[in-house]
Amino acid sequence: MTTLDNIRFVLVGTTHPGNIGAAARAMKTMGLSNLHLVTPKIYPDAQATARASGADDVLAKATVHDSLESAIAGCHQVYGMSARLRHLPVPVVNPREAVAQIQQAGDDAQIAIVFGREHSGLSNDELDKCQHLINIPANPDYSSLNLAAAVQVCAYELKMTFDPSIEVGRVGENREAVAADDMEHLYSHFEQSLTEIGFLDPENPRNLMRRLRRLFNRADLDRNELQIMHGILRAAETYKGK
Ligand code: SAH
């Protein structure tokens, strides 16, 4: 699979050095580090370093080019970021769709994502060098993001797909799966305990057990939580027995 290391961010003609620093920071927070600068107006600059705030390593290894051609040399797929939806014969995708497209590229494919100038974006000549356009669907009445904010949105989408350590909803947690027969055992325990403590009437069980199954199906218990459930039931039985 493509990795974050195969992806470079190219900033073209950036006017404010602070934005270069902020872009470096946005990239580093998402594990990206290949930054290429095409004819930045003022660079290097103390403002870039200040706004990078700890991402100076990304700045330090950034490459400065005198043309877009040089910055995208060797890249197999080139994506242009555009705030304006121009009527150009180029497909426009959102960042999520672009990431899905990048996923289809070969393992060694080098990918460039090109960002334009703060005031004027990318020129038509520059857009011609991009095979695909990416537009971040924003407020139609106010659709232009700050350069570094646009970098952040793209970097986040890339990380969500290409960082193998991301497991949605399970970050930093090691949940041990529970087998179907463990769940059956829990339901029997529930049935027996709830009868014992007088909550379930075996003569008139209604749909109580079925509803509990539905509840636990939604809850997706892990082994630790399963044991807690058994523990609560045992405590209720003991309490009742007193
Ligand atoms: N006024 C410029 C926008 C400049 S913002 C214009 O209309 O083109 C600087 C850069 O951030 C843009 O060139 C683009 O690469 C990126 N960007 C900002 N908002 C974006 C959006 N909604 N979708 C895609 N890229 C965006």
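Whatever comes next refers back to the structure up there.
Calculation notes
Residue positions are counted from 1 within each chain, in the order its sequence is given. This being a predicted model, a pLDDT of at least 70 is required before a residue's local features are given, and a value of 80 or more before pairs of side-chain atoms are given or counted; all residues contribute to the totals for chains, interfaces and linings. Values reported for side chains reflect all heavy atoms of the structure, with hydrogen atoms and water molecules removed beforehand. For helices the rule is a DSSP run of H or I covering at least 4 residues; for strands it is a run of E covering at least 2, with both sets numbered from the N terminus onward. Based on C-alpha atoms, the radius of gyration is set beside the globule rule, defined as 2.2 Å times the residue count to the power 0.38. Contact definition: two residues touch when any of their heavy atoms are within 4.5 Å. Areas reported here follow the Shrake-Rupley algorithm with a probe of radius 1.4 Å; residue values treat only the protein chains shown as occluding. The positive count covers Lys and Arg only, the negative count covers Asp and Glu only, and His and the chain ends enter neither. For charged residues, the charge sits on one atom: NZ in Lys, CZ in Arg, CG in Asp, CD in Glu. Remark: nonpolar core denotes a set of buried residues (Ala, Val, Leu, Ile, Met, Phe, Trp, Tyr, Cys) joined through side-chain atoms within 4.5 Å. Accessibility here uses a 1.4 Å probe with only protein chains present; expressed as a share of the type maximum, an area under 20% marks a residue as buried, one over 50% as exposed, and anything in between as partly exposed. Whether a residue is near a molecule or strand depends on its heavy atoms: it is near if one of them lies within 4 Å of it. Polar contact is the term for a pair of N or O atoms within 3.5 Å; when the atoms are in protein, one must be able to donate a hydrogen and the other to accept it, and sequence-neighboring residues count only if both atoms are side-chain atoms.

### A word on the overall build of the protein chain
Reasoning step 1: If you tally the helices and strands in the protein chain, you get 10 helices and seven strands.
Reasoning step 2: A globule of 242 residues ought to have a C-alpha radius of gyration of about 18 Å, yet the protein chain, at 27 Å, is considerably larger.
Reasoning step 3: In terms of principal-axis extent, the alpha carbons of the protein chain reach across some 80 × 40 × 40 Å.
Reasoning step 4: Considering only contacts in the protein chain between residues 6 or more positions apart, those separated by 24 or more positions represent 83%.
Reasoning step 5: Accessible area of the protein chain: about 13,900 Å², with a carbon and sulfur share of 51%.
Reasoning step 6: For the protein chain, the distance from the average site of its 24 positive side-chain charges to the average site of its 30 negative ones is 5 Å.

### A few points about the nonpolar core
Reasoning step 1: Residues Phe9, Leu11, Leu32, Leu35, Ile113, Phe115 and Leu158 are the most contacted members of the largest nonpolar core, which totals 39 residues.
Reasoning step 2: Top contributing element to this core by residue count: helix α7 (residues 147–162), with seven residues.
Reasoning step 3: Here Leu32 is in contact with Leu4, Ile7, Phe9, Met27, Val58, Ala155 and Leu158, once residues within four sequence places are set aside.

### Observations concerning the site of the ligand
Reasoning step 1: Not every one of the 18 residues close to the ligand is listed here, only the nearest: Met81, Arg84, Ile136, Ser143 and Leu145.
Reasoning step 2: At 3.3 Å from a nitrogen atom of the ligand is found a main-chain nitrogen or oxygen belonging to Ser82.
Reasoning step 3: Interatomic distance of 2.9 Å between a side-chain N/O atom of Arg84 and an oxygen atom of the ligand.
Reasoning step 4: When isolated, the ligand has an accessible area of 540 Å², and the protein chains bury 93% of it.

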